[in-house]
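Residue strings, one per chain:
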Amino acid sequence: MSTFSRFLLCVLLISTTVFSQKDKSSFQVVPLGIKGGIDEKNLSAYLLAPSNTTDFICLDAGTINAGIEKAIDNKVFKISTSDVLRKYIKGYFISHAHLDHVSGLIINSPADSSKTVYATEKCMEMMENHYFNDQTWANFGDKGPGFPLKKYHFQTLNVGEETPVSNTKMTVKAFPLSHVNPFESTAFLVKNEDSYALYLGDTGPDSVEKSDKLKALWTAVAPVVQNKQLKGIFIEVSFPNEQPDQFLFGHLTPNYLMKELHVLEDLAGKGSLKNFKIIITHLKPPAKNIIKIKEQLKAQNDLGIQIIYPEQGKKFEL
């Protein structure tokens, strides 16, 4: 082989390596539930794990069992529903204590294995006082009213503090959101080595909520957007643009989502969100509204973001 041929081969190998590293996924996602609203078999819950592992955390827990069964039907998992629940899910991160985000956790708790439930102080207090209280439901936690059965460890998250996730290599940092001010929801910034994923629970836009919670969140994550370390943002869009502000009830429309993403781009730099993955969560029925939301997001996508609509039980990579 000539010297020139060797040179070309080296350039090709280096280019291939750089390209593959750039496109290498850091997380795998298995949606167990994707909707807001009335479909109790398909409510907010997203399994997230480092790629090529089964060390999943569950971001919110509206639907668990039905979502696992869907994933098994789709050949995502090759073990039983019970084994996925007990062995693959290492912990739960609850953004807020509304039933469409916690009912799966509550109902499946008798069949679950010991693990940690993570939430901010106000959210944890609601779960202890109103759900796992030995009246509404047996107390499967290790603190709170009644007789704690100590199956779950209830770990309160301090806002802005990086917290190791038990039985995984990931860490999580919590940020407050406004979901009908002053009611709080939570965003979770998940770290796996040098990569991040951001999950937002229910949230209204700052302008309607009379809040600065989203602006503070965008300010915090702008550096990892700039550095191409943030692999995607899970964020809700519950209603089409026609929904009046007074009836948003702490949710986003396509118009408000794009306004908020423009704030993030302003902080991270022009063009920083081009081809960036935005995973749309919490779409509310009826079906005609969901169709309208998708049409409006497509029409208003002037940032060039990559919009992902997750499907229950179908895995994708970030």
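All values derive from a computational prediction rather than experimental measurement. (Residues numbered from 1 in each chain as written. Predicted model: local features only at pLDDT ≥ 70, side-chain atom pairs only at ≥ 80, totals over all residues. Heavy atoms only, no water.)

Colleague: Can you help me understand the overall build of the protein in this one?
Modeller: Each helix and strand counted, the protein has 9 helices and 14 strands in total. Computed over C-alpha atoms, the radius of gyration of the protein comes to 20 Å, within 12% of the 20 Å expected from 2.2 N^0.38 for 318 residues, which places it in the range of a compact globule. Seen along its three principal axes, the alpha-carbon backbone of the protein occupies a region of about 80 × 45 × 35 Å. Nonlocal contacts in the protein, meaning residues at least 24 apart in sequence, comprise 63% of its contacts between residues at least 6 apart. As presented, the protein carries roughly 14700 Å² of accessible surface, and 54% of it is formed by carbon and sulfur atoms. Each charge class in the protein was averaged separately, 35 positive and 34 negative side chains, and the resulting centres sit 7 Å apart. (Helix = DSSP H or I, 4+ residues; strand = E, 2+ residues; numbered from the N terminus. Rg over C-alpha atoms; globule rule 2.2 N^0.38 Å. Contact = heavy atoms within 4.5 Å. Areas by Shrake-Rupley, 256 points an atom, 1.4 Å probe, with all protein chains shown as cover. Lys, Arg positive; Asp, Glu negative; His and termini not counted. Charge placed at Lys NZ, Arg CZ, Asp CG, Glu CD.)

Colleague: Before we go on, may I ask you to explain a nonpolar patch on the surface in this structure?
Modeller: On the surface, Val180, Phe247 and Phe249 cluster together into a nonpolar patch covering about 290 Å² of accessible area. Relative to the helices and strands, Phe247 is located in the loop between strand S11 (230-236) and helix H8 (254-268). (Patch = residues over 30% accessible without salt bridge, like charges linked within 9 Å, V, L, I, M, F, W, Y side chains within 5 Å. Salt bridge = Lys/Arg side-chain N within 4 Å of Asp/Glu carboxyl O.)

Colleague: Got a minute to help me understand helix H9 (residues 287-299) in this structure?
Modeller: Here H9 is 13 residues long and its end C-alpha atoms lie 19 Å apart, about the 18 Å a rise of 1.5 Å per residue gives. Buried within H9 are the following residues: Asn289, Ile290, Ile293, Gln296 and Leu297. Here the buried residues of H9 occupy an arc of 130° about the axis, which is enough to place them on one side. Turned more than 90 degrees away from the buried face of H9 sit Ala287, Lys288, Glu295, Lys298 and Ala299, all of them exposed. Among the structural elements, H8, strand S12 (277-281) and strand S13 (306-308) are those in contact with the buried residues of H9. (Expected span 1.5 Å × (residues − 1). Buried < 20%, exposed > 50% of the residue type's maximum accessible area, 1.4 Å probe, protein only. Arc of directions from axis to C-beta.)

Colleague: Just checking my understanding: could you explain unusual backbone geometry for this structure?
Modeller: A negative phi angle is the norm for most residues apart from glycine, just as the trans form is the norm for most peptide bonds. Geometrically, the link from Asn181 to Pro182 is a cis peptide bond, its omega value of 15° lying close to zero. By the secondary structure assignment, Pro182 is in the loop between strand S8 (171-178) and strand S9 (184-192). Residue Pro286 is reached from Pro285 by a cis peptide bond, and omega for that bond is 10°. Position of Pro286 relative to the elements: it lies in the loop between S12 and H9. Unlike most non-glycine residues, Asp134 shows phi in positive territory, near 70°. Here Asp134 lies in the loop between helix H5 (121-130) and strand S6 (152-157).

Colleague: I would appreciate a short explanation of the sheet that holds strand S1 (residues 27-33) in the present structure.
Modeller: Within a sheet, neighbouring strands are paired by backbone hydrogen bonds and run either parallel or antiparallel to one another. Taken in spatial order, the 7 strands make up an open sheet running S6-S5-S4-S3-S2-S1-S14, and their pairing is mixed. Two strands bound the open sheet, and with one partner strand each, they are S6 and strand S14 (316-317). Inspection of the sheet shows strand S4 (residues 89-93) paired to strand S5 (residues 115-120) by 3 bridges, in the parallel sense. Across the sheet, residue Tyr92 finds its bridge partner in S5, namely Val117. Contacts from H5 reach S5 and S6, with the element oriented near 120° to S5. (Pairing = 2+ DSSP bridges. Axes fitted to C-alpha atoms, helices over the stretch in contact; angles between N-to-C directions.)

Colleague: Looking at this model, I keep getting lost on the packing of aromatic side chains. Mind explaining?
Modeller: Two aromatic rings are characterised by how far apart their centres lie and by the angle between their planes. Counted by the stated rule, this structure contains 12 aromatic pairs. Here the aromatic rings of Phe56 and Phe77 are separated by 5.9 Å at their centres, their planes lie at 90°, and the arrangement is edge-to-face. Taken together, the positions of Phe56 in strand S3 (residues 56-59) and Phe77 in the loop between helix H2 (65-73) and helix H3 (81-88) put the pair 21 residues apart, joining distant regions of the chain. Here the two residues Phe56 and Phe77 agree in accessibility, since each one is buried. Where Phe93 meets Phe188, the ring centres are 5.4 Å apart and the plane angle is 70°; that geometry is what we call edge-to-face. With Phe93 in strand S4 and Phe188 in strand S9, this residue pair connects regions lying 95 residues apart in the sequence. (Phe/Tyr/Trp six-rings, centres within 6.5 Å; stacked < 30°, edge-to-face > 60°.)

Colleague: So what exactly am I meant to see when it comes to the side chain of Gln296 here?
Modeller: Along the chain, Gln296 falls in helix H9. Among all residues touching Gln296, those that are not within four sequence positions of it are Pro240, Asn241, Glu242 and Pro254.

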